[in-house]
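# Overview (structure and organization)
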Amino acid sequence: MSAPLLSIQDMSHYFGGLKAVSDFSFDVPEGVIYGLIGPNGSGKTTCFNLITGIYTPTQGKILFQGENIVGQKPFRIVHKGIARTFQNLRIFSNLTVIDNIRVARHFTTRAGLFASFLRLPSFLKEQDQVRDETMELIKLMHLEKRAYDLAKNLPYGELRRLEVARALATRPKLMLLDEPAAGMNPKETEDLMNLVRRVRDEFKVTIFLIEHHMKFVTGICERVKVIDFGTTIAEGKPEDVVKETKVLEAYLGRKAVVC
Amino acid sequence: MDKMKLPKLAIAGAIFYVIVQILIVTGVLNGYFVVIINRSMIFVILAATLNLINGITGQFSLGHMGFAAVGAYVSGTITTLIFKLSPHVFTDNLIFIAAIILGGCAAAVVGFLIGFPSLRLKGDYLAIVTLGFGEIIRTILNNIDYVGGPRGLLGIPKFSDFTVIFLFTFFTIVLLRNLVQSSHGRAMLSIRENELASELSGVNTTHYKVLGFVVGAFFAGIAGGLLAHLLQIAHPTQYGFYASSILLIMVYAGGMGSLTGSIIAAFSLTFLTEGLRVGIDWLRDSVGIPIGTEWTMVIYALLLIFIMLFKTEGFMGMRESKVLIIEEKHV
Amino acid sequence: MGSIFSLQQIINGLQLGAIYALIALGYTMVYGIVRLINFAHGDFFMVGAYAAYGAFYLFNFFLPQGNTMAFAALIMAMLGSGAIALIANKFAYKPLRYKPRLSSLVTAIGVSMLLEYLFSALPFIGPSPRGFPDLLAKHIYHIGPAEISNYVVIDLSVAAVLMIGLTILIQRTPMGRAMRAVSQDKDAAKLMGIDVERVISFTFLIGGSFAGAAGLLAGLTYPRIQPYMGILPGLKAFIAAVLGGIGNIPGAVLGAFIMGLAETFATAFNSLLGEGIAFVILIVVLLLRPNGILGEKTADKI
């Protein structure tokens with residue numbers, strides 16, 4: 001069994017006096033689709049924010065491909081191979097679809113400021129390459145018709161695909177999806193499940209997602225971890241986990257989850 | 001590979017230059033109009049650079065004229081105090097160009113310093129800090145006797161003429177356009193759109209926010225130098241919050257995020273100011289209505305409020321004219 | 001060195017601080033309730049000074065000099081500024097209430113410019129400075145080596161009375177409770193049945209009128225008024241509010257007195273430092289402790 005892609009060790013994070021995440025440890029093996037579920041406020045998004053470097057954990061280690069990434073700036077963590085989508089879509093509304101995705105390839109370019117001021121051949125060549133790579137991705141995501149439309153004019157489902165495309169453009173090894181199925185009808189959810197599987201299979205990306213949508217979780221996740229109040233309360237295969245009493249208790253009395 | 005495309009911007013620039021130059025040489029445009037055109041072009045640089053910081057990168061700078069002040073005083077000191085240069089000596093013109101660029105560099109250093117607060121502060125607070133920096137620059141200049149203190153730096157040789165100003169303005173626009181329509185520019189735009197998502201798409205947002213200030217300050221410093229050598233004086237009051245506010249009105253009127261808009265607004269508002277001044281003087285002297293030129297500023301204030309209430313996107317919004325867009329192969 | 005921190009300078013600093021406090025309170029109240037830095041607030045201060053000036057010349061016909069006149073001028077100053085604040089809120093700020101905050105900020109800049117240039121352009125107000133009338137005879141007392149005029153006493157006591165009044169308003173009246181609610185959570189307050197817009201208008205009225213009172217005191221104490229007199233004091237009072245913790249009422253008062261003292265001491269030391277000390281304070285505060293002395297830390301939810 002090779003080393004896990006992502007290994008979180010004894011991670012804790014406090015906001016002032018409030019413990020958001022405590023003594024959190026788990027491994028995400030390479031190639032799986034891993035789910036993190038739990039009631040609202042249980043610390044799931046905080047966990048993502050900690051992994052992507054938006055917050056620095058008060059204690060603990062986050063090992064990505066063996067390297068401890070705690071304390072690194074978010075953009076560097078992206079360069080290392082972790083990409084992320086957001087719960088409330090964060091797209092670049094006034095940019096076109098192609099520009100939205102191209103931005104995520106920018107860090108791979110070498111041409112500096114002067115080369116861009118003067119439009120030197122080396123710069124132009126790189127720009128063409130980035131554009132071609134982006135168009136490839138757009139075709140794979142079935143967004144060709146929208147390539148030159150402003151992102152703010154896209155319908156919700158296509159925006160989700162755009163966000164995934166943008167995250168994929170960073171050529172990640174691990175992709176964090178924050179409630180990707182939020183606000184989707186059953187057909188859209190089905191399409192999303194297929195998309196996530198395709199991303200994992202064709203792009204060789206390990207998927208780690210947060211979701212409330214139980215059908216989605218049981219339909220697509222290979223392993224699932226349940227957290228509440230910042231600590232693990234269950235882990236394992238989805239069909240086993242949802243039956244555990246502790247998990248049912250955590251959800252009892254709270255807003256009904258779509259089952 | 002890009003095929004040979006028409007260099008639209010170069011053609012447009014050349015047409016403009018040739019037409020105005022002919023009008024000057026044939027005497028159709030007298031010195032008065034030439035000064036207004038020259039000032040318009042300088043304000044094009046100032047508005048476009050403020051647009052780079054506020055409109056493209058999404059920061060908020062209220063002390064932009066401070067950068068111009070640095071450029072004005074540095075270049076003015078070189079041509080007036082250190083070397084007493086004259087426009088009639090050919091080599092002096094070359095030193096003048098170097099002085100202008102040095103002024104820009106000095107301004108860029110200041111821009112770098114001001115860029116740092118932008119990393120930690122947002123919106124309102126950033127606005128106040130940049131305003132504070134602008135005022136600090138003005139206060140310091142007001143108190144340095146070597147450059148004239150409250151009297152200002154006087155007797156600056158008149159190196160700025162239509163050709164020089166046109167060339168600097170043209171190149172500024174070309175370079176800014178190239179920057180904005182490159183992947184560096186898109187990185188800056190993405191910061192404006194959603195800074196968190198930008199960072200999480202691998203963009204070094206720190207680097208680009210500071211870069212916006214540095215590049216904007218550099219060209220603003222050049223504009224300041226050109227202005228000082230046009231008006232033959234550099235005075236602290238020219239570069240205070242009011243001047244920065246007028247720039248702000250220009251950029252909003254033209255469209256935050258549109259270089260085309262900044263060009264149009266700079267020319268329009270500079271001509272409008274002159275027109276209003278002439279009109280008010282006429283009303284006061286010929287018709288006898290007791291109004292002063294302060295009414296020009298009242299109109300500008302109302303214009304700004306009007307724009308913010310009814311047409312925040314200004315004239316061009318975020319669009320560019322086709323002349324300024326670098327064509328790209330659509331796949 | 002001794003003369004910088006002398007009793008005289010302390011008295012001068014406190015006097016200046018009292019005026020800054022009245023202006024800073026308006027800034028902090030408005031920011032607390034709508035998260036807007038009202039750039040025009042310093043100009044409400046200017047309007048108050050001119051309103052008092054106008055009142056003097058108007059009432060001169062039928063009011064005796066002395067305390068009654070001074071009191072009437074104070075009322076007119078507060079009413080004038082309060083009215084302008086209400087108008088600015090209704091026509092310039094309210095329409096942009098739910099748009100991006102930057103739009104309101106830029107509009108406030110516009111309102112500020114409008115007031116300054118309008119007052120400058122109107123021929124009967126004019127751009128030239130005017131001498132403020134002697135509303136009250138000046139008496140000078142001595143405490144040790146220091147001079148303390150009755151103006152100092154007036155400045156401090158008017159400020160104190162208004163501040164105490166404000167505290168009572170905020171802590172003990174229904175409107176005060178509503179103001180506190182709206183500044184904590186506008187939407188929740190609305191759901192509780194509070195007429196949020198009315199509370200906001202009222203806040204502008206109070207904040208503006210305090211600035212107007214400061215304008216009268218400034219006219220009295222430093223008797224030259226001109227249309228641009230609000231720019232620097234407004235900026236400094238704002239910095240004072242930030243120093244104390246923007247949105248925090250006691251913080252504004254604390255910050256204002258610190259600012260008044262700092263400025264007085266700095267000017268005594270070196271006039272350049274005196275001009276720049278406010279901006280130095282601003283940069284230090286924003287870089288080291290952006291929430292101010294009494295401000296609370298707010299975390300952004302991502």
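For every chain, the first residue of the written sequence is number 1, and numbering continues from 1 along that sequence. The lettering of chains begins at A and the numbering of ligands begins at 1, in the order of writing. Residue-level local features of this predicted model are given only where pLDDT is at least 70; pairs of side-chain atoms are given and counted only at 80 or more, and the full residue set underlies all totals for whole chains, interfaces and linings.

## Remarks on the overall build of chain B
When helices and strands are tallied, chain B shows 12 helices and 2 strands. The helix count covers DSSP runs of H or I at least four residues long, the strand count covers runs of E at least two residues long, and both are numbered beginning at the N terminus. Its helices and strands in sequence order give chain B the pattern α-α-α-α-α-β-α-α-α-α-β-α-α-α, from N to C terminus. Over its C-alpha atoms, taken along the principal directions, chain B stretches across nearly 60 × 50 × 45 Å. Any residue whose C-beta has 12 or fewer other C-beta atoms within 10 Å is treated as exposed, any with 20 or more as buried, and any in between as partly exposed, C-beta atoms being built from the backbone. Here chain B holds 331 residues, and the buried ones make up 54% of them. Once C-beta atoms have been placed from the backbone, residue pairs whose C-beta atoms lie within 7 Å are recorded as contacts. Of the contacts made within chain B by residues no fewer than 6 positions apart, 81% connect residues no fewer than 24 positions apart.

## Examining the overall build of chain A
The helix and strand tally for chain A stands at 10 helices and 10 strands. For a compact globule of 259 residues, the expected C-alpha radius of gyration is about 18 Å, and chain A comes in at 19 Å, within 12% of that figure. Each principal axis of the C-alpha atoms in chain A carries an extent, and together these give about 65 × 40 × 40 Å. Burial analysis of chain A (259 residues in total) assigns 42% to the buried set. Both definitions apply: the radius of gyration is a C-alpha atom measure, and the globule rule equals 2.2 Å times residues to the power 0.38.

## Some remarks on the interface of chain B and chain C
The interface of chain B with chain C comprises 32 residues on the first partner and 31 residues on the second. Broken down by secondary-structure element, the contributors of at least two residues to the side of chain B that touches chain C are α5 (123–142), α10 (241–254) and α12 (294–310) of chain B. When the residues that make up the side of chain B that touches chain C are grouped by side-chain class, the tally is 22 nonpolar, 7 polar and 3 charged. Residues are grouped as follows: Ala, Val, Leu, Ile, Met, Phe, Trp, Tyr, Cys and Pro are nonpolar; Asp, Glu, Lys and Arg are charged; all remaining types, including Gly, are polar.

## Digging into the packing of α10 of chain B against α12 of chain B
Residues and elements named next belong to chain B. Here an axis means a line fitted to C-alpha atoms, over the contact stretch when the element is a helix, while the angle between two N-to-C directions is reported on a 0 to 180 degree scale. In the contact formed by α10 and α12, the axes pass within 10 Å of each other and the chain directions differ by 40°. By the angle class used here, α10 and α12 are oblique. The handedness of the crossing between α10 and α12 comes out as left-handed. In this structure, α10 uses Ile246, Ile249, Tyr252 and Ala253 to contact α12, whose residues at the interface are Tyr300, Leu303, Leu304 and Ile307. Tallied by class, the residues present in the contact of α10 with α12 amount to 8 nonpolar, no polar and no charged. Any angle that is under 35 degrees is reported as roughly parallel, and any over 145 degrees as roughly antiparallel; angles of 65 to 115 degrees are reported as roughly perpendicular and all others as oblique. Note on convention: the crossing is left-handed when the near helix lies turned anticlockwise from the far helix by less than a right angle, right-handed when the turn is clockwise.

## Re the sheet that holds strand β1 (residues 6–15) of chain A
All names here are of chain A. For two strands to pair, DSSP has to find at least two bridges joining them. If you walk across this open sheet you meet the 4 strands as β2-β1-β4-β5, and the pairing is antiparallel. For this open sheet the edge positions go to β2 (18–28) and β5 (67–68), each flanked by a neighbour on one side alone. Sheet topology places strand β4 (residues 59–64) next to β5; 2 bridges connect them, and they run antiparallel. Along β5, the bridge assignment pairs phenylalanine 64 with glutamate 67. Against the sheet, helix α1 (residues 44–51) contacts β1, β2 and β4, and its axis sits at roughly 70° relative to β2.

## Comments concerning the confidence of the model for chain B
The predictor attaches a confidence to each residue, called pLDDT, with possible values from 0 through 100. Per-residue confidence for chain B gives a mean pLDDT of 91; residues scoring 70 or more make up 98%. As scored by the predictor, the complex reaches a pTM of 0.90 and an ipTM of 0.90.

## Structural notes on the domain arrangement of chain A
Residues and elements named next belong to chain A. Segmentation of the chain into domains, including their bounds, is taken from an automatic or database domain assignment. Taken domain by domain, chain A holds domain 1 (1–81 + 174–203 + 215–259) and domain 2 (93–171). Its C-alpha centre places domain 1 at a distance of 28 Å from the equivalent point of domain 2. Taken residue by residue, the interface counts 9 residues in domain 1 and 9 residues in domain 2. Elements that contribute at least two residues to the side of domain 1 that touches domain 2 include exactly α2 (74–80) and α7 (186–203). The dominant element in the side of domain 1 that touches domain 2, judged by the number of residues it contributes, is α7, at 4 residues. Grouping the constituent residues of the side of domain 1 that touches domain 2 by class yields 6 nonpolar, 2 polar and 1 charged.

## Things to note about the packing of helix α2 (residues 41–59) of chain C against helix α8 (residues 196–221) of chain C
Residue and element names in this part refer to chain C. Put simply, α2 and α8 touch, their axes get as near as 7 Å, and they point 55° apart. Classified by the angle between their axes, α2 and α8 sit oblique to one another. Remark: the crossing between α2 and α8 carries right-handed chirality. In this structure, α2 contributes His41, Phe44, Phe45, Met46, Val47, Gly48, Ala49, Ala51, Ala52 and Tyr53 to the contact, and α8 contributes Gly208, Ala211, Gly212, Ala213, Ala214, Gly215, Leu216, Ala218 and Gly219. Residue composition of the contact of α2 with α8, by class: 13 nonpolar, 6 polar and no charged.

## Thoughts on the nonpolar core
Here, a nonpolar core means buried Ala, Val, Leu, Ile, Met, Phe, Trp, Tyr and Cys residues linked by C-beta atoms lying within 7 Å of one another. Counting residues in each nonpolar core, the largest one holds 272 residues, and the members touching the most others are Ala47 and Met250 of chain B together with Ala21, Leu22, Ala24, Ala49 and Ala213 of chain C. Considering every element that reaches this core, the biggest residue donor is helix α9 (residues 205–231) of chain B, with 16 residues. When neighbours within four sequence positions are excluded, methionine 250 of chain B is seen to be in contact with Phe43, Ala47, Ser262, Ala265, Ala266 and Leu269 of chain B.

## Describing unusual backbone geometry
In this structure, lysine 204 of chain A takes a positive phi of about 55° despite not being glycine. Its place among the elements puts lysine 204 of chain A in the loop between α7 and β8 (206–210). Judged by local crowding, lysine 204 of chain A falls into the exposed class, with 10 C-beta atoms found within 10 Å. With a phi close to 65°, glutamine 232 of chain B is a non-glycine residue in the positive phi region. With respect to the element layout, glutamine 232 of chain B can be found in the loop between α9 and β2 (233–234).

## Digging into the sheet that holds strand β3 (residues 33–37) of chain A
Residue and element names in this part refer to chain A. Read from one edge of the open sheet, 6 strands run β6-β7-β8-β3-β9-β10, paired in mixed fashion. One side of each edge strand has no neighbouring strand; the edge strands of this open sheet are β6 (82–84) and β10 (231–236). Ignoring which end each strand starts from, the neighbouring axes of this sheet average 20° apart. As defined by bridge partners, strand β7 (residues 174–178) adjoins β8 across 5 bridges and the pair is classed as parallel. When the bridges of β8 are listed, leucine 176 appears paired with phenylalanine 208. Contacts from α1 reach β3, β6, β7, β8 and β9 (223–228) within the one sheet, and its direction differs from that of β7 by about 150°. Strand contacts of α7: β3, β7 and β8, with the helix running at about 150° to β8, the strand carrying the most contacts.

## A closer look at the pairing of β1 of chain A
Residue and element names in this part refer to chain A. Pairing between β1 and β2: 7 bridges, direction antiparallel. Among the inter-strand pairings, isoleucine 8 is bridged to a residue of β2, identified as phenylalanine 26. Two successive antiparallel strands, β1 and β2, enclose a turn made up of 2 residues, where glycine 16 displays a positive phi of approximately 60°. As paired elements, β1 and β4 share 5 bridges and run antiparallel to each other. Bridge pairing in β4 links glutamine 9 to lysine 61.

## Observations concerning the environment of glycine 71 of chain B
All names here are of chain B. Relative to the elements of secondary structure, glycine 71 occurs in helix α3 (residues 64–82). Of the residues examined, glycine 71 has 35 C-beta atoms within 10 Å and is grouped as buried. As a C-alpha pair, glycine 71 and serine 245 span 174 residues in sequence and 19 Å in three-dimensional space. Not counting the four nearest positions on each side in its chain, glycine 71 is found in contact with Gly103, Gly104, Ala106, Ala107, Ala220, Gly221, Ile222, Ala223, Gly224 and Gly225.

## Things to note about the pairing of β10 of chain A
All names here are of chain A. With 5 bridges joining them, β9 and β10 adopt antiparallel strand pairing. Bridged to valine 224 within β10 is glycine 236. Hairpin connection from β9 to β10: 2 residues lie between these consecutive antiparallel strands, with phenylalanine 229 at a positive phi of about 50°.

## Topic: the confidence of the model for chain A
When pLDDT is averaged along chain A, the result is 87, and 93% of the positions lie at 70 or above. This stretch, residues 253–259 of chain A, has a pLDDT under 50; its non-local contacts, to residues over four places away or in other chains, come to 9 contacts.

## A few points about the environment of leucine 168 of chain A
Residues and elements named next belong to chain A. Relative to the helices and strands, leucine 168 resides in helix α6 (residues 156–169). Judged by the 20 C-beta atoms lying within 10 Å of it, leucine 168 is buried. C-alpha of leucine 168 to C-alpha of proline 74: the two residues are 94 residues apart in sequence and 16 Å apart in space. The contacts of leucine 168, once residues within four sequence positions are left out, are Leu137, Val199 and Phe203.

## So, the environment of tyrosine 125 of chain B
For tyrosine 125 of chain B, the location among the structural elements is in helix α5. With 19 C-beta atoms packed within 10 Å, tyrosine 125 of chain B lands in the partly exposed category. Considering only alpha carbons, one finds tyrosine 125 of chain B and phenylalanine 60 of chain B, 65 residues apart in sequence, at a separation of 9.1 Å. Beyond its immediate chain neighbours, meaning those up to four positions away, tyrosine 125 of chain B contacts Leu286 and Pro290 of chain C.

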